[in-house]
Amino acid sequence: MNGTPRPRPGGFPSTPQHQQARSPGAHTPSTSSTSRRPNVNTPLPDVPQPAAHATQSSGPWIPAHIIDPAQQRLYVCSIYIALWGWKLYDFYNLAIEEDESVWSCMKWCGLDMTFFMLGVPLLDIPWLQWSTSTSFMLFVLHSALDVMLMFRIGIPVQAWFISLAGFLFDSELAISERSVKPGPILHNASLILGKQIINILPEGSAVLNPEKLNFCLNSTVTSVDIPILINQTEPVELDLVRLDFDTNQNETISIRKNELKALLKKARKAAKRTDPEDPLLLRYTVKKPGVYLLKKVVDQSKLEVRPRSTNAVVVKCPQARVKPTGDRRCRNDLSNVELEVEGVPPLYVKYRLTVDRQPRGGSEFQNLQPDEFASPLTRHTSQALVKSGKEDVSWARSHKVTVPLNETLATGSGWEYAVEEVHDGLGNLVSFVGNEEGDHPKAKITGTYQGFEVHERPRIFFNKCNPQNPMRVAKGHSEPLPINYASTGKNRVDTPHRIQWLFTPEADIVADGYHSANAVISEETIKPGVGRIRASDAGLYTLKSVSTGFCEGDVLEPTSCLVQNPPVPELELSSEDIIDKCAGNPIGLRVDMDFIGTPPFFVKYIEQQKGKAKAQPRDIQIGSLKGSIDLAPENTGHYTYTFKSISDAVYNDQPLHNLVLQQEVRAPASAHFIENNRPKQACIDDYAEFDVGLTGDGPYKLEYEVMHNGKRNKQSIVVEGNHYTIKTPKLKNGGEYTVALVSIVDGRECKDTLKNQEAKVQVRHERPKAYFGLVDGKQSIMALEGKKVDLPLRLSGVGPWSVEYENLDTDQKQRVHVSGANAPLSITQQGTYHLRSVSDSVCPGFIEEKASTFNVGWIARPQISIPETASIVFDNGRYVKDAVCEGDEDSFEVALTGNAPFEVSYKQEYKGKGKTAAPRDKDLRAVSGLTTIRADTANAGTYEYTFHKLADSRYDHSKRNFQPLVVQQTINPRPSARFDTPGKTYSYCSRESDGEEVIPMTLEGQAPFYLEVEIKQAGIPKPEISVHRDIRSPKFDLKIEHRKLHLGVSSITIRKVRDARGCTFKPSPASPRVQVSVHDAPTATALEERVDFCVGERLSFALSGQNPFTVYYTFNGETRKASNAATTFRRLAELPGTFTITGLRDSASDCLAPLDLTKHIHPIPSVRLSGGQVSSVDIHEGGNTDLHFQFEGTPPFEFTYTRSTNAARGKKSRVLEIKTEVSHEKEMFVPVQEEGTYEVVSIKDRWCGFAKQVEGVEGRGGQKLLQY
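Every value quoted in this text rests on a predicted model; they were computed, and no experiment measured them.

Asks: Account for the overall build of the protein, with residues named and values stated.
Replies: Regarding its fold elements, the protein presents nine helices and 93 strands. Contacts spanning at least 24 positions in sequence make up 69% of the contacts within the protein whose residues lie at least 6 apart.

Asks: Describe in detail the sheet that holds strand β87 (residues 1185–1192), supporting the description with residues and values.
Replies: Strand order in the open sheet formed by four strands is β3-β85-β87-β90, and the pairing between neighbours is mixed. Strands at the two margins of the open sheet, each flanked by one partner only, are β3 (192–193) and β90 (1227–1232). Sheet topology places strand β85 (residues 1166–1169) next to β87; four bridges connect them, and they run antiparallel. Across the sheet, residue Ser1166 finds its bridge partner in β87, namely Glu1192.

Asks: Now, about unusual backbone geometry: what can you tell me, with residues and values included?
Replies: With an omega of -5°, the peptide bond running from Pro345 to Pro346 counts as cis. Within the fold, Pro346 resides in the loop between β15 (337–343) and β16 (347–355). Here Pro599 and Pro600 are connected by a cis peptide whose omega angle stands at -5°. For Pro600, the position within the fold is in the loop between β33 (586–596) and β34 (601–609). Within the chain, Asp124 stands out as a residue other than glycine whose phi angle is a positive 55°. Among the secondary structure elements, Asp124 is positioned in the loop between α4 (101–123) and α5 (132–150).

Asks: Break down the packing of aromatic side chains for me, citing the residues and quoting the values.
Replies: One pass over the full model with this rule turns up 32 aromatic pairs. Taken together, a centroid distance of 4.9 Å and an interplanar angle of 75° make the contact between Trp86 and Trp108 edge-to-face. Residue Trp86 is found in helix α3 (residues 69–97), and its partner Trp108 is found in helix α4; the two are separated by 22 residues along the sequence. With a relative accessible area of 0%, Trp108 lands in the buried category. Ring centres of Tyr351 and Tyr417 lie 6.1 Å apart, and the angle between their planes is 40°; on these two criteria the pair is classed as tilted. With a gap of 66 residues between them, Tyr351 in strand β16 and Tyr417 in strand β19 (residues 414–423) connect regions that are remote in the sequence. One aromatic cluster is present, built from ring pairs that chain together Phe1189, Phe1191, Phe1197, Phe1199, Tyr1201 and Tyr1238. Just above the ring of Phe452 sits the side chain of Arg329; from NZ or CZ to the centre is 4.3 Å.

Asks: Any chance you could break down the state of the cysteines for me, citing the residues and the numbers?
Replies: What we call a disulfide is simply a covalent bond connecting the sulfur atoms of a pair of cysteines. Within the structure shown, the criterion is met by six disulfides. Here Cys216 is linked by a disulfide to Cys317, with a sulfur-sulfur distance of 2.1 Å. Torsion about the S-S bond of the Cys216 and Cys317 cystine: about 85°, corresponding to right-handed handedness. Of this pair, Cys216 sits in strand β6 (residues 215–217) while Cys317 sits in the loop between β12 (311–316) and β13 (319–322), and the two are 101 residues apart along the sequence. Since its relative accessible area comes to 7%, Cys317 is described here as buried. Bridging Cys683 to Cys843, the disulfide has an S-S length of 1.3 Å.

Asks: Go over a nonpolar patch on the surface, please, and point to the residues and values.
Replies: There is a patch of nonpolar side chains on the surface, built from Val102, Trp103, Met106, Val147, Phe151 and Ile153 and spanning about 590 Å² of accessible area. Of all the elements, α4 adds the most residues to the nonpolar patch, at three residues. Tracing the chain through its elements places Trp103 in helix α4. Residue class for Trp103 comes out exposed when judged on its relative accessible area of 58%.

Asks: Would you mind going over the sheet that holds strand β42 (residues 689–695) in detail, with residue names and values included?
Replies: Ordered in space as β40-β42-β45, the three strands form an open sheet in which the pairing is antiparallel. Sheet topology places β40 (670–673) and β45 (723–727) at the edges, where each strand pairs with a single neighbour. The mean inter-strand angle of the sheet, taken between neighbouring strand axes irrespective of direction, is 30°.

Asks: Can you break down the packing of α4 against α5 residue by residue, with the values?
Replies: At a closest axis distance of 9 Å, the pairing of α4 and α5 adopts a crossing angle of 160°. When the axis of α4 is compared with that of α5, the two are roughly antiparallel. The two elements α4 and α5 cross, and the hand of that crossing is right-handed. For the pair formed by α4 and α5, the contact residues are Ser101, Ser104, Cys105, Trp108, Cys109, Asp112, Met113, Phe116, Met117 and Pro121 on the first element and Ser135, Phe136, Leu138, Phe139, His142, Ser143, Asp146, Val147 and Met150 on the second. Its residues placed into classes, the contact of α4 with α5 shows 12 nonpolar, five polar and two charged.

Asks: Could you give an account of the pattern of salt bridges, with specific residues and numbers?
Replies: The full count for this structure, using the stated rule, is 48 salt bridges. Between Lys87 and Asp112 there is a salt bridge whose closest N-O contact spans 3.3 Å. Placement of Lys87 in helix α3 and of Asp112 in helix α4 is noted, with a sequence separation of 25 residues between them. No difference in accessibility class separates Lys87 from Asp112, as the two residues are buried. Asp1030 serves as the salt-bridge partner of Arg1032, at 2.8 Å between the closest nitrogen and oxygen. Look at Arg1032 and you get exposed, because its relative accessible area is 60%. Using a relative accessible area of 46% as the deciding quantity, one classes Asp1030 as partly exposed. Salt bridges here are not isolated pairs; linked through shared partners, they connect Arg321, Lys323, Glu338 and Glu340.

Asks: Would you mind going over the confidence of the model for the protein in detail, with residue names and values included?
Replies: Summing up the model confidence of the protein, the mean pLDDT is 82 and the portion of residues at 70 or higher is 88%. Predicted confidence for residues 1–57 stays below pLDDT 50, and this span has 34 contacts to residues more than four positions away or in other chains. Every residue in residues 1264–1268 is under pLDDT 50, and counting partners more than four places away or in other chains gives 23 contacts.

Asks: Can you explain empty space enclosed by the protein? Please cite residues and give values.
Replies: What the rule picks out here adds up to two cavities of 30 Å³ or more. Counted as a void, the largest cavity has a volume near 60 Å³. Around the largest cavity, the lining residues are Arg861, Pro862, Leu950, Asp956, His957, Ser958, Asn961 and Phe962. For the lining of the largest cavity, the residue count by class is three nonpolar, three polar and two charged. The space that makes up the second largest cavity amounts to roughly 40 Å³. Lining the second largest cavity we find Tyr80, Leu83, Trp84, Lys87, Asp112, Phe115, Phe116 and His142. If you list the elements that add at least two residues to the lining of the second largest cavity, you get α3 and α4. If you tally residues by element for the lining of the second largest cavity, the top one is α3, at four residues. Tallied by class, residues from the lining of the second largest cavity come to five nonpolar, one polar and two charged.

Asks: Give a description of the pairing of strand β5 (residues 205–208) that names residues and reports values.
Replies: The alternating pattern of β5 places Ser205 and Val207 and Ala206 and Leu208 on opposite faces, both of which are buried. Note that β5 and strand β7 (residues 224–231) share four bridges and pair antiparallel. Residue pairing across strands places Ala206 opposite Ile230, the latter belonging to β7.

Asks: Outline helix α8 (residues 257–271), listing residues and values.
Replies: If you check α8, its first and last C-alpha atoms are 21 Å apart, about what 15 residues at 1.5 Å a residue would give, namely 21 Å. Here α8 has its buried residues at Leu260, Leu263, Leu264 and Ala267. One face of α8 carries all of its buried residues, which in axial projection span an arc of 100°. Turned more than 90 degrees off the buried face of α8, the exposed positions are Asn258, Lys265, Lys266 and Lys269. Against the buried residues of α8 lie β7, β8 (235–243), β9 (250–255) and β10 (280–286).

Asks: Break down the pairing of strand β37 (residues 637–647) for me, citing the residues and quoting the values.
Replies: Most of β37 is tucked away: eight of the 11 residues are buried. Bridge count for β37 against strand β39 (residues 660–665) is six bridges, and the pairing is antiparallel. Looking at the pairing, Thr642 lines up with Val660 of β39. In this structure, the hairpin formed by β37 and strand β38 (residues 654–655) is closed by a connection of six residues, where Asp653 is found at a positive phi of approximately 50°.

Asks: Now, about the nonpolar core: what can you tell me, with residues and values included?
Replies: Membership of the largest hydrophobic core comes to 42 residues, with the highest contact counts inside it found for Phe1129, Phe1139 and Phe1189. By residue number, the principal contributor to this core is strand β80 (residues 1109–1115), which donates four residues. When neighbours within four sequence positions are excluded, Phe1139 is seen to be in contact with Ile175, Leu1099, Phe1101, Tyr1113, Thr1114, Phe1115, Phe1129, Leu1157, Thr1158, Lys1159 and Ile1161. One finds Ala320, Leu347, Val401 and Leu409 within the second-largest nonpolar core, a separate group that totals 38 residues.

Calculation notes
- In this convention, every chain numbers its residues from 1, walking through the sequence in written order.
- Note on the predicted model: pLDDT of at least 70 is required for a residue's local features to be given, and 80 or more for side-chain atom pairs to be given and counted; whole-chain, interface and lining totals, by contrast, use all residues.
- Only heavy atoms go into the side-chain values, all of them from the structure, while hydrogens and water stay out.
- Strands here are runs of E lasting at least two residues and helices are runs of H or I lasting at least four, both read from the DSSP assignment and numbered beginning at the N terminus.
- We call two residues contacting when some pair of their heavy atoms lies within 4.5 Å.
- A pair of strands is labelled paired if DSSP reports no fewer than 2 bridges between them.
- Aromatic rings from Phe, Tyr and Trp, taking only the six-membered ring of Trp, are treated as a pair when their centres fall within 6.5 Å; an angle between ring planes under 30 degrees marks them as stacked, one over 60 as edge-to-face, and anything in between as tilted.
- With a 1.4 Å probe rolled over the protein chains alone, any residue whose accessible area is under 20% of its type maximum counts as buried; one over 50% counts as exposed, and the rest are partly exposed.
- Throughout this description, the term charge over a ring refers to an Arg CZ or Lys NZ atom that lies within 6 Å of the ring centre and within 35 degrees of the ring normal.
- The definition used for a disulfide is geometric: two cysteine sulfur atoms within 2.5 Å.
- To count toward a patch, a residue needs a relative accessible area above 30% and no salt bridge. Like charges then connect within 9 Å, nonpolar side chains (Val, Leu, Ile, Met, Phe, Trp, Tyr) within 5 Å.
- A 1.4 Å probe and the Shrake-Rupley method give the accessible areas. Residues count as covered only by the protein chains that appear here.
- Criterion for a salt bridge: a side-chain nitrogen of Lys or Arg within 4 Å of a carboxyl oxygen of Asp or Glu.
- The axes are straight lines fitted to the C-alpha atoms, using for helices just the contacting stretch, and the angles between their N-to-C directions are given from 0 to 180°.
- Just so you know how the angles are binned, under 35 degrees is roughly parallel, over 145 roughly antiparallel, 65 to 115 roughly perpendicular, and the rest oblique.
- Whether a crossing is left-handed or right-handed is set by the direction in which the near helix is turned from the far one by less than a right angle, anticlockwise for left-handed and clockwise for right-handed.
- Side-chain classes follow a simple rule in which Ala, Val, Leu, Ile, Met, Phe, Trp, Tyr, Cys and Pro form the nonpolar group, Asp, Glu, Lys and Arg form the charged group, and the remainder, Gly included, forms the polar group.
- A residue's pLDDT is the confidence the predictor assigns to it, expressed on a 0 to 100 scale.
- Within this scheme a cavity is a closed region of a 1 Å grid, computed over the protein atoms alone, that accommodates a 1.4 Å probe without allowing it to escape, whereas a pocket is open but has protein on both sides within 12 Å along at least five of seven lines; lining residues each have an atom within 4 Å of a point.
- Grid points are joined across faces, edges and corners, and a volume is the space filled by probe spheres set on the points.
- Multiply 1.5 Å by the residue count of a helix minus one, and that product is the helix's expected span.
- The reported arc concerns the directions from the helix axis to the C-beta atoms and nothing else.
- Working definition of a nonpolar core: buried Ala, Val, Leu, Ile, Met, Phe, Trp, Tyr and Cys residues. They are joined through side-chain atoms within 4.5 Å.

Structure below.
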């Protein structure tokens, strides 16, 4: 056969060879094929022709006569291997040189795509003729490998191999030093054997209303579905009995086969179950109330199924409503609301009261039933009351009960009663509460609520009018009765009031002040503030009643008002002349006045003097029915008095007719002070003058007197003219002086006494005085320099004052004018101020010498200083502080004088060895006179602190008054210490007694040195400290005391080094260190402290020393030896017994460490149910049988078993019940009577336990050690 055939499914073809390029001695494919397959009788004659045709049309891209196909495959594989070598070389360069990964990944993805998607398919080499999907999958696989290699993503090859090996070779060493698989030991199914299946022979049943529900019907719910539960039966006939509540008669309802089929079909569809043995719940629809009983059930076998004695009670649903009683009430009325509840007693109703849209809380009534009716539901349930169907069921009839609600309407204006829910005696509930949280709240049901508005009651009474205090009304006029409107609330009712009153004329009032028999009743509707009841007729008015459009009101006291019509005022005059007794001349007119009317009286008249054009209007007031006045003008002349009108308490300006009086007056001599409106002011020892005017016929003899402190000084003078000035004697005492005109004698020797002619003089008791007050109890003050200071100046007298003062320090004098008695005296210079003189608006005064001076001083400016101590001294214009070590805490104190708080600014400068830092400005705020400044010791060198600003609470900084202050300090560098070979491990042996290891070190600083090193052993929290003193050389060989080293590897670190300057250096915990390894005999420690183990558990011990180890142990008296390369010795306990490690040897020492580590291995308990066999027992319902358990192990035994459903074809068994029992013996019988499959799922004894995995039971399989 010529050419290379296409690959065939099911195997690889023989290597094709072209006929012209055949190697010597090679066999043809046909020959070889024939020799290998002798059962092929004849070759197919037409195969060579298609093969030759295929070769001509679709052979390799490189013809076979040029390069043999096998040779082409070799070249392709070589190229593939070369590409992988290049790829791994790039991966190595990425790991070493950390080149760019993205470029390398893109390069190799491109090369792989060229190789697999273009190169190999294009060559079309036999056996490498891949399909497009195969090429693409190879490209994707290699691209994923390119990403993992170029981006150095770990390939978990080792984990894959370990997992595969663990799956194939899952075994480990046991105590017997042989490999065993732990699976059979850990999951030994033979430990729990046996199963018992109990079957209960089926028995059908039917139960009416299995959940004992109650049902009710109303106008909206016209039918209900009564549930009927059937089990293990399919009824073909079913009879119900209905007991009527009203007639107590029975009615049989038969449900036939067709209707039952529909009910069964509907029940199966609702239950969605396929098992015909599952219970079904039928729902039969009824529309009449009554008690329903299940009377008869017949199944398919024409046998009656025994029904259980249950019933279903269907009653009328309970109802409740609020009886309508009107929508208006008055304050303090009773609410007068009734709830009507209907249903099966005893009833329960709950209602809610809302006042002004604020709920008052819910109230409820329980156990409501009609009078003389006792419902048996208070003592029994409905199921207990009806069993056979022959009982009296009239107790289930619906009754109506009315509940009155009477509450006093004392508060609020809007009341509403609403029924929330109602229950009947059977538990049926009807709720009238809507969902108020939704977007569409449930509307209130008509009749379940009653709302009404509460109105205030009006109140009226007479204000300031009663029979004892009558109201007077002028004749022919009317006045509103003084009725006061109020209500039972805070404000009056602004709606129209219907007022009824009683009136008796004044002439008909009976003697005791009450109304006569013919009193008139009147009524009028008035709105308060708008209308009024007016009274014009005299008589007794009594308020009888008041009401508004809603409520009757109350009439409060006083209820009666007496109205009177007093007479019109009239006046009668009679007069006589007033004659001067000396001269016999008339000097005035005395007029007697008789009145008719109601006092007080007001009379207006006009006084006209002859010869004067202007008349003088006058008016007088008389408070009684009789009165008199004296008309005595001061000047001589003819006077006419015309009386114009009269008024009293009722009538105003009643005109007077023809009442005129005339007189001729010759006035007597008189004198008066011209200006005596207010008292005069005078100083002590001064005089006072008064001007006096005189009238009459001169010359005059005037008598006056000066009175003071009860003393009178009379004077008499003769005056020729009509004017005289009285000059008082010297007024030597302070106080009030009175100058009174006593009498006057005219030229006819007629003497007249002068009345009410007095003038007063206020004489100052003392002269004005000036002195300085106190500031904080002294006459001195300290103030800020250059600021204005107000001195407390105190003045007595009458202002304004003129004060002259002097600065005694500068001899400067100044006069100021002060308006206030306590006005301050402002100055701007310090010194001693002295008051020289003072005068007020009336008198000159004097200075109080004891308080005439006031000292003013300036508050001292703040100052700064450095207190000199042993560590800081003043030298060469600056303070020098003792040197400290680099990094040490140091500070110095600054003393401040002035007024706290202080604000200090200073500049910090640093100069180190070969470096200088920029100056830093810092601010400091101090609240006391002594503050501490922390010195900067971060770097070695010289620090200078220059204080250049200072201010306190009184003064700001002043360059003119401040001298900078400098503090200097030197910081010494810290010493250092280091190991010459950090990280090196020095070996120690615990048996060596001489020659500790030497660790070379280098020290820097000023010798001698003090060195502390820390020796820390792994696992020991407290390290050892090794101290080395007086080290004179910077090169030091550290020797560790042998007693401070412990077994194992110890870490040596430098803890502290101190040089001769006292400077200390403590390296960080992460500083370089050395290791010291101390070897000793190996030890073994149990990883678990417990001694008791179970078969299948692992005994693990931690080995310390140099691996590999040799472990010597005994098991059940047999001595064994085991080699262990790791630091953990672990063996699987495959058999029970006693395991003891007796010795241990490692590779670092030749000593054998004796050990005594003992562990006890206990067997796993086992249990057999039904002798370890699967048994099946059939029992009748109500019967029982025993489960027989047999145990092996150490008592007590605690075991758990399950009861599952018996397995059915196509269904999984499910766990119904889990129980746990305890047995102190090795055998136990447990009685059971429930159907199911019983099997043990876990067992445990005194030491161990085992559980198997069962679906539906929580827990994990396997065994474990139990602790009691």
